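Listed here are the chains, written in short residue letters.
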Amino acid sequence: MSSLSRELVFLILQFLEEEKFKETVHRLEQESGFLFNMKYFEEKALAGEWDEVEKYLSGFTKVDDNRYSMKIFFEIRKQKYLEALDMHDRAKAVEILAKDLKVFSTFNEELYKEITHLLTLENFRENEQLSKYGDTKSARSIMLVELKKLIEANPLFREKLVFPTLKASRLRTLINQSLNWQHQLCKNPRPNPDIKTLFTDHSCSPSNGARAPTPVTLPVTAVAKPSTFAPLGVHGGPFPPPPAAAAANANGLASWMANANPPSSVQSAIVAASVSASSLPFPQNQVSVLKHPRTPPNTFGMIEYGSSDHEQLMKRLRSAQSVDEVTYPAPPQQALWSLDDDLPRSVACTIHQGSNVTSMDFHPSHHTLLTVGCSNGEISLWEVGMRERLVSKPFKLWDMAACSVPFQASIVKDSSISVSRVAWSPDGNLIGVAFTKHLVHLYTYQGSNDLRSHLEIDAHVGGVNDLAFSHPNKNLCVVTCGDDKLIKVWDLAGSKLFNFEGHEAPVYSVCPHQKENIQFIFSTAVDGKIKAWLYDNMGSRVDYDAPGQWCTTMLYSADGSRLFSCGTSKDGDSFLVEWNESEGKIKKAFSGFRKNSTGVVQFDTTRNRFLAVGDDSQIKFWDMNNANILTSTGAEGGLPNLPRLRFNKEGNLLVVTTADNGFKVLANANGLRALRAMEARSYEASRTLEMKVSSSAIGTSIGPVVSKVERVDSPARPTPILNGVEPMSRGIEKPRNLEDVSEKAKPWELTEIVDPTQCRTVTTPDNLDPASKVARLLYTNSGVGVIALGTNGLQKLWKWSRSEQNPSGKATASIVPQHWQPNSGLLMTNDVPDNSEDAVPCIALSKNDSYVMSACGGKVSLFNMMTFKVMTTFMPPPPASTFLAFHPQDNNIIAIGMEDSAIHIYNVRVDEVKTKLKGHQKRISGLAFSTSLNILVSSGADAQLFFWNADNWEKIKSVALQLPAGKAPQGDTRVQFHSDQVRFLVCHETQLAVYDANKMERMRQVKSYTLCYGFKYA
């Protein structure tokens, strides 16, 4: 279907919505597959109308289209199944199992069997994994949060989730324009024409009864081939406007891009003129075309520009006041929004950064992932939904030798440096950082807390004042500006593509944009000049004065149709205005600022509807269509005089800086619900056992650095547990091959701690037997607790709780954790043999902290972390267990290292050793799974590493550690994977080494004899 036909469907959808044909609207959405109405989908899902939910989905995707679609259908059918069980409707549950869920058994038969087993329970909540399942309403709400993420990540739904921005009653407007056009062509137009039908073209019948003129006919081919017609301003397409209007619009565009002298009205006029949404900068050849638009000759029924008929028509149009306009009545407009639902004004949380925050930006698709830049040069990555700092990068020069001499001299004279701007790339794979001295840093984002250095550019002489990403010629580039009065465009390899000169003062901000196929950059300087540049070497196309003639920032609305600027004069007067792009004039000025600001106000836009500005220790909001202030909030106090702010892309969260080196997260109703659901899932994740999933691994990276976001869950947050059974959905994924992981691993960097102030300690309450030593110590995976295994076989758990001093509730040395024990008073006690001096204590936690298994020379015990009950014991000695590891995707599969050098792959569910892995010569001292490579790495007291395929358990390779000359191959060797699941740490008494598991080779090592001591544990 052509793009015009597609747009026609949207016009029809708008018309049907305005006429209240609700069911027809949704049927057309589904049948056309052009617009997925998330609100309608949520309404039907919350109402439990599952047949309609799946029917609506079928217009956009099928079960087997891709892994996202498969997860979507699985979650829906799983919820439907659980609800049937909850109502004790066994017959319906069996029907759903056989009809709807059976299709997933081909991907994970064990999962299907486990779901089937729920039929045998009187109440499926008796199943430990489902014990936290709430009521139907809350379960549906939690499910919808996950479904929304899956749908947004599904490539089949791209560009189908947002209705195009249209003026109200657009179809009616087009009909009105057509009728007026036809009426203008009447040889004897009558006043107040009577339009009785739309089925035939309009013409005014002659008063003497003569035959009416032949109506103007617009051929069907005109719709099918829009390229036949030259674009005519905002009416581009097969239906051109009256030539006078087109010419006026074209001339306006040409004048905007022709370096005209600034009109005096820019500073003084605060006008409300009607503005066409026309393109802004044009190359010279396009400007000339716009000055003389031509309608294609020989088009049926059309009047050729420049002909005698055209001149007659132009005369008639110029006196159009005397001709009554034909109108097609439109329904009255209704209020479409409310402050509480749409504006993020409620404080969700306050986060302490530790240094003055100078810039913030949200990830383009993971709406709670925030990058923060600080005055000390540090950047941080925050998961604001979990109030968790994922990674922090203090300022560091990557290559001093490659920097310019002026910069080296500057940094030696004064080492202080601040972040002036942080920005995500549109695909979310890169973070750009501009600094107040010369430099730009680019980081690649690998997901979770994996932020890697990509490129360092000595970009400008002096400060780099702004940075943005753009796509000239469809290639991602970085646009920067600085104190050297220049704007520069760089590719991702650091090569300079363009160097724009013309400003006479330091350049304060840049705003790259694209209108149709025209790409350009707005820039503002501290002398108040606004310029526009095309990606060529022809100089600026625009030279205008910004209100206040000082520091100004320009931003477009989300849909790119409206242009705004905000800034402050040297006298402290602030201005927020909307521009008429076609003429370079101010269309509207917004009121409500305090006088005599001490700095420059910052602003942002959201959802094509609202503007927000930080002013007078408040956040002030405006409706884009109203010059008067809409509302304001002090965010419960603590804001600086001119707070910085940033919306997320959904517009349901707003972050604002605080006066005490932090920031607050403000949310609207939807944002608060999303944050609460995320917190609830995190809480469930720390307490609920994962259900069985396939032994295949799920990729943990976002497919980033050079491609699109591929993963479903936010890379910055723990994988959520949906109703306590999230792994069911994960279990339908395919295994990931070794080849899927990038071979490029960042070299290991060591940071030596030489200052005691860099270390902090906390002492836990001494509840252990004084005669017992702590043999093993583990953090919980959720980061909220620590578990200790004593030599007497007793395990203790300490937890940190949320408080004002520790809002994240994560482990910290600043607060003493509390010993935690269930109300029953049970203790987690292992089987310890009488002769336990030579026993090797071992412990392992399941991925979601629901289960812990341990041994102290006797049987392996599996404990429930909620109740401390012993679920089962297995593997009695001899030989004794020496190391334990849960399979990362299936808690029922456990790798057990043995005293006799074997590795047992044990299935808890069936109480059976599935296979034994042999190859080591001495006891097993380390086991580590890689979820991305789907391998198991083992280490032993024989100083060897073995790589095993986690699907068929076949040995892939063995590697002997490089020991000092004369050193016997012995000594415990431990292994631990990095969060990237590719690199892993090896600790042996003679060395610390980092290996690349993908290449199965060593990357770097530190030998203990160079440090005068041996390594015990790392």
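Anything mentioned here points back to the structure above.
### Topic: the overall build of the protein
So, point 1. A count of helices and strands for the protein gives 18 helices and 49 strands.
So, point 2. The buried share among the 1018 residues of the protein stands at 52%.
So, point 3. Look at the contacts in the protein between residues 6 or more apart in sequence, and 56% of them connect residues 24 or more apart.
So, point 4. Carbon and sulfur atoms make up 50% of the accessible area of the protein, which totals about 45,600 Å².

### What about the sheet that holds strand β34 (residues 842–845)?
So, point 1. Pairing is antiparallel in the open sheet, where four strands are placed in the order β34-β35-β36-β37. If you trace the sheet from one side to the other, it starts and ends with β34 and β37 (870–874), each paired once. The sheet shows a mean angle of 15° between the axes of neighbouring strands, taken without regard to direction.
So, point 2. In this sheet, β37 lies alongside strand β36 (residues 860–864) in antiparallel orientation, the contact comprising four bridges. In the strand pairing of β37, Phe863 is matched with Val870.

### A look at the pairing of strand β15 (residues 518–525)
So, point 1. Burial analysis of β15 places eight of its eight residues in the buried class, which makes it a mostly covered element.
So, point 2. Between strand β14 (residues 507–515) and β15, which pair antiparallel in sequence order, lie two residues; one of them, Glu516, sits at a positive phi of approximately 55°.
So, point 3. As judged from the five bridges shared by β15 and strand β16 (residues 529–534), these two strands associate in the antiparallel manner. The partner of Thr524 across the bridge, within β16, is Ile530.
So, point 4. Hairpin remark: β15 followed by β16, antiparallel, with three residues in the connecting loop; positive phi at Gly528, about 85°.

### Side note on helix α3 (residues 38–46)
So, point 1. Residues of α3 that are buried: Met38, Tyr40, Phe41, Lys44 and Ala45. One face of α3 carries all of its buried residues, which in axial projection span an arc of 160°.
So, point 2. Between the side-chain oxygen of the N-cap and the backbone nitrogen of Lys39 there are 3.2 Å, and the N-cap of α3 in question is Asn37.
So, point 3. One or two steps after α3, the chain reaches Gly48, where phi turns positive at roughly 75°.

### Some points on the pattern of salt bridges
So, point 1. This model, assessed by the stated rule, comprises 33 salt bridges.
So, point 2. Here Arg125 makes a salt bridge to Asp86, at a shortest N to O gap of 2.8 Å. On the criterion of sequence distance, the pair formed by Arg125 in the loop between α7 (109–117) and α8 (136–153) and Asp86 in helix α5 (residues 67–86) is long-range, its members being 39 residues apart.
So, point 3. With relative accessibility at 22%, the residue Arg125 sits in the partly exposed group.
So, point 4. Residues participating in the shared-partner salt-bridge network are Asp361, Asp604, Arg646 and Lys649.

### A look at the environment of Arg158
So, point 1. The topology assignment puts Arg158 in the loop between α8 and α9 (170–185).
So, point 2. Each C-alpha atom, one on Arg158 and one on Phe34, is 10.0 Å from the other, the two residues being 124 residues apart in sequence.

### Notes on helix α6 (residues 90–101)
So, point 1. Residues of α6 that are buried include every one of Ala93, Ile96, Leu97, Asp100 and Leu101, and no others. Along the axis of α6, the buried positions cluster into a sector of 115°, meaning they face one direction only. Looking at α6, the residues exposed on the side facing more than 90 degrees away from the buried face are Ala91, Ala98 and Lys99.
So, point 2. Where the residues of α6 are buried, they touch α5 and α7.

### Remarks on the sheet that holds strand β10 (residues 464–470)
So, point 1. Pairing within the open sheet is antiparallel, and its four strands lie in the order β10-β11-β12-β13. The open sheet has two free edges, formed respectively by β10 and β13 (496–500), since each of these has just one partner strand. On average, adjacent strands in this sheet sit at an angle of 20° to one another, irrespective of strand direction.
So, point 2. Strand direction decides the pairing type here: strand β11 (residues 477–482) and strand β12 (residues 487–490), joined by four bridges, are antiparallel. Bridging across to β12, Cys481 finds its partner in Ile487.

### What to know about the nonpolar core
So, point 1. With 40 residues, the main nonpolar core has Phe36, Phe41, Tyr81 and Leu101 as its most contacted residues.
So, point 2. The set of elements that each furnish at least two residues to this core consists of α3, α4 (50–58), α5, α6, α7 and α8.
So, point 3. In terms of residue count, the dominant contributor to this core is α5 (nine residues).
So, point 4. Judged by nonpolar contacts, the second largest core, of 19 residues, contains Ile379, Leu381, Phe435 and Leu451.

### Examining the side chain of Glu578
So, point 1. Within the secondary structure layout, Glu578 lies in strand β20 (residues 574–580).
So, point 2. In terms of polar contacts, Glu578 uses its side chain to reach the side chain of Arg562, at 2.9 Å.
So, point 3. Those residues in contact with Glu578 that sit more than four places away from it in its chain are Arg562, Leu563, Phe564, Lys585, Ile586, Lys587, Lys588, Phe590 and Met624.

### Looking at the pairing of β11
So, point 1. Burial runs high along β11: six of the six residues are buried.
So, point 2. Covered by surrounding structure in β11 are Cys477, Val479 and Cys481 together with Val478, Thr480 and Gly482, the residues of both alternating faces.
So, point 3. Here β10 runs beside β11; their pairing, made up of six bridges, is antiparallel. Paired with Phe469 across the strands is Val478, a residue of β11.
So, point 4. Between β10 and β11, which follow one another and run antiparallel, lie six residues, and Asn473 among them has a positive phi close to 55°.
So, point 5. Linking two consecutive strands that pair antiparallel, namely β11 and β12, is a turn of four residues; a positive phi of about 70° is found at Lys485 within it.

### Brief notes about the side chain of Lys588
So, point 1. Along the chain, Lys588 turns up in strand β21 (residues 585–590).
So, point 2. Separated by 2.8 Å, the side chain of Lys588 and the backbone oxygen of Met624 make a polar contact.

### A look at the packing of α4 against α5
So, point 1. Across the interface, α4 lies against α5 with an axial gap of 11 Å and an inter-helix angle of 175°. It follows from the interaxial angle that α4 and α5 lie roughly antiparallel. Contacts between α4 and α5 involve Trp50, Val53, Glu54 and Leu57 from the first element and Ile72, Phe73, Ile76, Arg77, Gln79, Lys80 and Glu83 from the second.
So, point 2. Here the contact of α4 with α5 is composed, by residue class, of six nonpolar, one polar and four charged.

### What about the environment of Arg125?
So, point 1. Along the backbone, Arg125 and Asp86 are 39 residues apart, and their C-alpha atoms lie at a distance of 9.0 Å.
So, point 2. Leave out the neighbours within four places in its chain, and Arg125 touches Asp86, Leu130, Ser131, Tyr133 and Gly134.
So, point 3. A distance of 2.8 Å separates a polar atom in the side chain of Arg125 from a polar atom in the side chain of Asp86.
So, point 4. A distance of 3.1 Å separates a polar atom in the side chain of Arg125 from the backbone oxygen of Tyr133.

### Describing a negative patch on the surface
So, point 1. A grouping of Glu837, Asp838, Glu899 and Asp900 is seen on the molecular surface, where their side chains present a negatively charged patch.
So, point 2. With respect to the helices and strands, the residue Asp900 is situated in the loop between β39 (890–898) and β40 (903–907).
So, point 3. On the basis of relative accessibility, which here comes to 42%, the residue Asp900 falls in the partly exposed class.

### Comments concerning the packing of aromatic side chains
So, point 1. Within the structure shown, the criterion is met by 28 aromatic pairs.
So, point 2. Taking 5.0 Å as the distance between ring centres and 80° as the angle between the ring planes, the aromatic pair formed by Phe124 and Tyr133 counts as edge-to-face.
So, point 3. Here the aromatic rings of Trp424 and Tyr445 are separated by 5.4 Å at their centres, their planes lie at 85°, and the arrangement is edge-to-face. Highlighted residues: Trp424 in strand β6 (residues 419–424) and Tyr445 in strand β8 (residues 439–445), separated in sequence by 21 residues.
So, point 4. The class for Trp424 is buried, based on a relative accessible area of 6%.
So, point 5. Judged by relative accessible area, Tyr445 falls into the buried class, the value being 0%.
So, point 6. By the ring-pair criterion, three or more aromatic residues cluster together here, those being Phe36, Tyr40, Phe41, Tyr56, Phe60 and Phe157.
So, point 7. Just above the ring of Phe34 sits the side chain of Arg6; from NZ or CZ to the centre is 5.1 Å.
So, point 8. The ring centre of Trp820 lies 4.5 Å from the NZ or CZ of Lys799, which sits over that ring.

Basis of the calculations
Residues numbered from 1 in each chain as written. Predicted model: local features only at pLDDT ≥ 70, side-chain atom pairs only at ≥ 80, totals over all residues. Heavy atoms only, no water. Helix = DSSP H or I, 4+ residues; strand = E, 2+ residues; numbered from the N terminus. Buried < 20%, exposed > 50% of the residue type's maximum accessible area, 1.4 Å probe, protein only. Contact = heavy atoms within 4.5 Å. Areas by Shrake-Rupley, 256 points an atom, 1.4 Å probe, with all protein chains shown as cover. Pairing = 2+ DSSP bridges. Axes fitted to C-alpha atoms, helices over the stretch in contact; angles between N-to-C directions. Arc of directions from axis to C-beta. Polar contact = N/O pair within 3.5 Å; in protein donor to acceptor, adjacent residues only side chain to side chain. Salt bridge = Lys/Arg side-chain N within 4 Å of Asp/Glu carboxyl O. Core = buried A, V, L, I, M, F, W, Y, C linked by side-chain atoms within 4.5 Å. Parallel < 35°, antiparallel > 145°, perpendicular 65-115°, else oblique. Nonpolar A, V, L, I, M, F, W, Y, C, P; charged D, E, K, R; others polar. Patch = residues over 30% accessible without salt bridge, like charges linked within 9 Å, V, L, I, M, F, W, Y side chains within 5 Å. Lys, Arg positive; Asp, Glu negative; His and termini not counted. Charge placed at Lys NZ, Arg CZ, Asp CG, Glu CD. Phe/Tyr/Trp six-rings, centres within 6.5 Å; stacked < 30°, edge-to-face > 60°. Lys NZ or Arg CZ within 6 Å of the ring centre and 35° of its normal.

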